[in-house]
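Coordinates in review
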Amino acid sequence: MILVDKEKMRAIDSYAINVLKVPALSLVERASLAVLKHINLNKFGYFAIVVGVGNNGADGLALARNLLARYKDVEIYILGDVEKASEEFRLNLESCQMLCEEIFYVQSIEDLEEMERRLNNVNLIVDAIFGTGLNRPVTGIYATVVSIINNVMKYKISIDIPSGLDASTGQDLGEVVDSDLIVTMQLMKKGIYEREIYKKKCVIEDIGIPQKAIDSVLYGLVD
Ligand SMILES: NC(=O)C1=CN([C@@H]2O[C@H](COP(=O)(O)OP(=O)(O)OC[C@H]3O[C@@H](n4cnc5c(N)ncnc54)[C@H](OP(=O)(O)O)[C@@H]3O)[C@@H](O)[C@H]2O)[C@H](O)CC1
Ligand SMILES: [K+]
């Protein structure tokens, strides 16, 4: 099994997008559908999607949009400054705003208290806060949200990486989302594989990154 650290995964993503011209939005969409296929829509109907403002969050918003497209009940919780959001995040947020009335920007203590209350009513929580972009300890409102998510007894899915885990070293950069399922994109991340507690609940999903991008970055194979 190929194992990659976050630098290698980000280089592969970048090669796919910038050299092989694979649209980033396509990868985000494929990532969202890769998570959707692991959700039993006959069993789960009320979702909380918790997003950061990077592309992990974009994956989460694309998933929210695909759930809303099926008239599922979705609440979206946004952490961070939307002004810093990626293009893929922004485009998916625009559509979610047309489909969803329950979009919460979590910034204050009151917002956190309301989130904690509301999470008791959903039946599945999606962790799309951080992926391979986590680059420092999780603190402040992010740490509080991870703790709130971990304290509620609901089925949880993490997109790509359980937020709080360093995808390269497997180090906990603060409390890590204790998800029931981790859906990691394209290649197994070293930080997940080296921690049995995460490895055993992780599935790998192909999101359409060309093998040429992987071979070029990992083995230096070029035409
Ligand atoms: N690259 C692609 O085209 C694809 C990526 N996929 C998904 O995207 C993530 C990687 O997305 P990225 O935007 O690079 O980063 P994250 O979404 O993981 O993180 C968002 C930003 O959060 C900031 N950050 C990092 N650590 C912390 C922290 N401890 N506290 C607060 N904020 C933090 C950081 O920005 P700064 O400017 O603040 O440094 C991150 O940029 C990948 O995991 C996949 O889920 C798609 O799946 C495929 C296409
Ligand atoms: K995540």
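What counts as what
Residues numbered from 1 in each chain as written. Chains lettered and ligands numbered in written order. Predicted model: local features only at pLDDT ≥ 70, side-chain atom pairs only at ≥ 80, totals over all residues. Heavy atoms only, no water. UniProt positions renumbered as here; feature names shortened; annotations may be inferred. Helix = DSSP H or I, 4+ residues; strand = E, 2+ residues; numbered from the N terminus. Rg over C-alpha atoms; globule rule 2.2 N^0.38 Å. Buried < 20%, exposed > 50% of the residue type's maximum accessible area, 1.4 Å probe, protein only. Contact = heavy atoms within 4.5 Å. Areas by Shrake-Rupley, 256 points an atom, 1.4 Å probe, with all protein chains shown as cover. Near = heavy atom within 4 Å. Polar contact = N/O pair within 3.5 Å; in protein donor to acceptor, adjacent residues only side chain to side chain. Donors = N, O, S within 2.8 Å, 3.2 Å for Na, K, Ca; no water. Tetrahedral: all angles 85-135°; square planar, octahedral: opposite > 155°, others 65-115°. Expected span 1.5 Å × (residues − 1). Pairing = 2+ DSSP bridges. Axes fitted to C-alpha atoms, helices over the stretch in contact; angles between N-to-C directions. Arc of directions from axis to C-beta.

Under the annotation held in an unreviewed UniProt entry, the chain carries the name NAD(P)H-hydrate epimerase and is attributed to Anaerococcus kampingae. The UniProt entry for the chain carries the following comment under Sequence similarities (unreviewed entry): "Belongs to the NnrE/AIBP family." The Function (unreviewed entry) field of the UniProt record for the chain holds the comment "Catalyzes the epimerization of the S- and R-forms of NAD(P)HX, a damaged form of NAD(P)H that is a result of enzymatic or heat-dependent hydration. This is a prerequisite for the S-specific NAD(P)H-hydrate dehydratase to allow the repair of both epimers of NAD(P)HX."

The next thing to look at is the overall build of the chain. A count of helical and extended segments in the chain gives nine helices and nine strands. The C-alpha radius of gyration of the chain comes to 17 Å, within 12% of the 17 Å expected for a compact globule of 223 residues. Here the chain holds 223 residues, and the buried ones make up 51% of them. Within the chain, residue pairs in contact and separated by at least 24 positions form 74% of the contacts whose partners lie at least 6 positions apart. Surface accessibility of the chain: about 10,300 Å² in total, with carbon and sulfur atoms responsible for 49%.

The subject of this paragraph is the environment of Gly-57. Within the secondary structure layout, Gly-57 lies in helix H3 (residues 55-68). The residues contacting Gly-57, other than those within four sequence positions of it, are Val-51, Gly-52, Phe-89 and Ala-128.

Another point: the site of ligand 1. Surrounding ligand 1, one finds 23 residues, the nearest of these being Arg-10, Asn-56, Asp-59, Gly-131 and Asp-160. Asn-135 has a polar side-chain atom sitting 3.1 Å from an oxygen atom of ligand 1. When ligand 1 sits alone it has 910 Å² of accessible area, and the protein chains cover 82% of it. If you list the elements that add at least two residues to the shell around ligand 1, you get helix H1 (6-19), helix H2 (24-36) and H3.

This next bit is on the side chain of Ser-32. Checked against the element boundaries, Ser-32 lands in helix H2. A residue is classified by how much of its surface remains accessible, and Ser-32, at 1% relative accessible area, is buried. With sequence-adjacent residues up to four places away left out, Ser-32 is seen in contact with Asp-59, Ala-62, Leu-63 and Asn-66.

Before going further, it helps to examine the coordination of the potassium ion (ligand 2). Note on the potassium ion (ligand 2): its protein donors are Asn-56 (OD1), Asp-127 (O), Phe-130 (O), Ile-159 (O), Ile-161 (O) and Ser-163 (OG). The metal-donor distances range over 2.6 to 3.1 Å. Given six donor atoms and angles of 68 to 169 degrees at the metal, the environment of the potassium ion (ligand 2) is assigned as irregular. Spacing between the donor residues of the potassium ion (ligand 2) along their common chain follows N-x70-D-x2-F-x28-I-x1-I-x1-S. Of this pair, Asp-127 sits in strand E5 (residues 124-128) while Ser-163 sits in the loop between strand E6 (155-159) and strand E7 (181-185), and the two are 36 residues apart along the sequence. There is no split in this pair, since Asp-127 and Ser-163 are both buried.

So, on to H2. Its 13 residues give H2 an end-to-end C-alpha distance of 18 Å, which sits within 8% of 18 Å, the value for a rise of 1.5 Å per residue. Considered for burial, the residues of H2 that qualify are Ala-24, Leu-27, Val-28, Ala-31, Ser-32, Ala-34, Val-35 and Leu-36. Residues of H2 that are buried sit in contact with H1, H3, helix H4 (87-99), E6, E7 and strand E9 (202-205).

This part covers the sheet that holds strand E3 (residues 73-78). The strand order E4-E3-E2-E5-E6-E7-E9 describes an open sheet built from seven strands, whose pairing is parallel. Edge positions in the sheet fall to strand E4 (103-105) and E9, since each of these pairs with one other strand and no more. If you compare each strand with its neighbour and ignore which way they point, the axes differ by 20 degrees on average. Inspection of the sheet shows E5 paired to E6 by four bridges, in the parallel sense. What sits directly across from Leu-124, in E6, is Tyr-155. Strands in contact with H4 are strand E2 (46-51), E3 and E4; relative to E4, the strand with the most contacts, it is inclined by about 130 degrees.

Once that is clear, we can look at helix H9 (residues 211-219). For H9, the full list of buried residues reads Ala-213, Ile-214 and Ser-216. Down the axis of H9, the buried side of the element spans an arc of 165 degrees, and every buried residue falls inside it. In this structure, the buried side of H9 is in contact with H1. Following H9 by one or two positions, Gly-220 has its phi on the positive side, about 65 degrees.

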